[in-house]
Amino acid sequence: MKKSPLILITNDDGYQAPGLRALIEMAKPHGRVVVVAPEKAHSGMGHAVTLENPVRLRKIEESEGYAEYVCSGTPVDCVKIAINNLLSEKPALIISGINHGANSSVNIIYSGTMAAAVEGALAGINAIGFSLLDFSYKADFEPSKPYIEKIIRRILNRSDMDSFCLNVNIPAIPAHEIKGIKVCRQSKGHWIEEFNEREDPHNRKYY
C-alpha cells in the first residue's frame, strides 16, 4: 500500500504558538506529519543558523502518523536537522507557520517563518510559509482553514513541479469576506524605523 505523503512543519513563533497548533491540525488529514519547531520565538531572525552553541532536539509526542520535536535552534536549524538527521525519507512538503502577522514585501527578508520555507526549497523540497495578518496571540485561524487546506492539497497532488517556495498571506477577516486566492509578485516596500533612545541607571544610552 502506498504511504501517505510526509509533511514537515515548523514555525518561528515557538512550538506553543497557536498558529502552529492550528496548522498541525489542518495538515494532519493530508499526510503523515512531523513537527520540528523552535523552543522559543525567533521572529525577525531571518535565515540565521546556530554556529557556536549545541543544537538540542527533544521529542515531546509521538503517535500513529505523527511526531513532534522541540529544537533549541532557529527555524532554519529546525529544517536542516530534520532533513539531515531526523527523517528517514525526504518530505513531500515543508510548511511553516501559521505566522502571527504579515510577511509581505521586505518582511520576508527578516522573517524566520519564510526563512524556514526557503530552506526547504533550497533542499529541493516544495515549501509554503503561511501568515495571518493578525499579531494577536488570540488570533482566529479558523477562516484561513479552507484556503490553507486547499493549497496543501493542490501542492501535494502536483508531481510535475520543481522545488519552490510559496509565501501565503491571509487577511484577518471573516471567512465570508475572503474573495479567493490571488497569485501576485512580491512587492517593494520599506520600514519607517523608529528607535526609542533611553538611559540606563548608569547613564548609558540604549535603544
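These notes cover the structure that comes with them.

Thresholds applied
Residues numbered from 1 in each chain as written. Predicted model: local features only at pLDDT ≥ 70, side-chain atom pairs only at ≥ 80, totals over all residues. Heavy atoms only, no water. Phe/Tyr/Trp six-rings, centres within 6.5 Å; stacked < 30°, edge-to-face > 60°. Lys NZ or Arg CZ within 6 Å of the ring centre and 35° of its normal. Buried < 20%, exposed > 50% of the residue type's maximum accessible area, 1.4 Å probe, protein only. Helix = DSSP H or I, 4+ residues; strand = E, 2+ residues; numbered from the N terminus. Pairing = 2+ DSSP bridges. Core = buried A, V, L, I, M, F, W, Y, C linked by side-chain atoms within 4.5 Å. Axes fitted to C-alpha atoms, helices over the stretch in contact; angles between N-to-C directions. Parallel < 35°, antiparallel > 145°, perpendicular 65-115°, else oblique. Left-handed = near helix turned anticlockwise from the far one by under 90°. Contact = heavy atoms within 4.5 Å. Nonpolar A, V, L, I, M, F, W, Y, C, P; charged D, E, K, R; others polar. Lys, Arg positive; Asp, Glu negative; His and termini not counted. Salt bridge = Lys/Arg side-chain N within 4 Å of Asp/Glu carboxyl O. Expected span 1.5 Å × (residues − 1). Arc of directions from axis to C-beta.

**A look at the packing of aromatic side chains**
Geometrically, a pair of aromatic rings is defined through the distance of the ring centres and the angle of the planes. This structure, assessed with the given rule, holds zero aromatic pairs. In this structure, Lys28 is placed above the aromatic ring of Tyr66, and the distance from its NZ or CZ to the ring centre is 4.4 Å.

**Examining the pairing of strand 5 (residues 93–100)**
The side chains of a regular strand alternate, residue by residue, between the two faces of the sheet. The element strand 5 is extensively covered by neighbouring structure, given that eight of its eight residues are classed as buried. Direction of pairing for strand 1 (residues 6–10) relative to strand 5: parallel, over a ladder of four bridges. Across the sheet, residue Ile9 finds its bridge partner in strand 5, namely Ile95. Of the pairings in the sheet, the one linking strand 5 to strand 6 (residues 127–132) comprises five bridges and is parallel in character. Opposite Ile94, over in strand 6, you have Ala127 as the bridge partner.

**Focus on the nonpolar core**
Counting residues in each nonpolar core, the largest one holds 30 residues, and the members touching the most others are Ile9, Val35, Ile95, Ile98, Ile128, Phe130 and Ile148. Counting only elements with at least two residues in this core, the list comes to strand 1, helix 1 (18–27), strand 2 (32–38), strand 4 (66–71), strand 5, strand 6, helix 5 (145–156) and strand 7 (165–170). Considering each element in turn, this core owes the most residues, six residues, to helix 1. Listed in part, the 18 residues of the second largest apolar core include Val34, Cys78, Ile94 and Ala127.

**Observations regarding the packing of helix 1 against helix 5**
Direction vectors running N to C along helix 1 and helix 5 enclose 55°, while the axes themselves pass 10 Å from each other. Regarding the angle of helix 1 to helix 5, the classification is oblique. Of the two elements, helix 1 crosses helix 5, and the hand of that crossing is right-handed. Residue-level contacts link Leu23, Met26 and Ala27 of helix 1 to Lys145, Ile148, Glu149 and Ile152 of helix 5. Grouping the constituent residues of the contact of helix 1 with helix 5 by class yields five nonpolar, no polar and two charged.

**Description of the side chain of Glu149**
Among the secondary structure elements, Glu149 is positioned in helix 5. No salt bridge forms around the buried Glu149; measuring N to O, its nearest opposite-charge neighbour Arg153 is 4.3 Å away. Not counting the four nearest positions on each side in its chain, Glu149 is found in contact with Met26, Pro29 and His30.

**Examining helix 5**
Between its first and last C-alpha, helix 5 extends 16 Å over 12 residues, near the 16 Å set by a 1.5 Å rise per residue. Along helix 5, the residues classified as buried are Ile148, Glu149, Ile151, Ile152 and Ile155. Projected down its long axis, helix 5 shows its buried positions confined to an angular sector of 160°, all on one face. On its buried face, helix 5 is in contact with helix 1, strand 5, strand 6 and strand 7.

**Here we look at the pairing of strand 4**
With six of its six residues buried, strand 4 lies for the most part within the structure. Going residue by residue along strand 4, you find Tyr66, Glu68 and Val70 tucked away on one face and Ala67, Tyr69 and Cys71 tucked away on the opposite face as well. Sheet topology note: the strand 2/strand 4 ladder contains six bridges and is parallel. Looking at the pairing, Val35 lines up with Glu68 of strand 4. As paired strands, strand 3 (residues 57–63) and strand 4 are joined by six bridges and run antiparallel to one another. Paired with Ser63 across the bridge in strand 4 is Tyr66.

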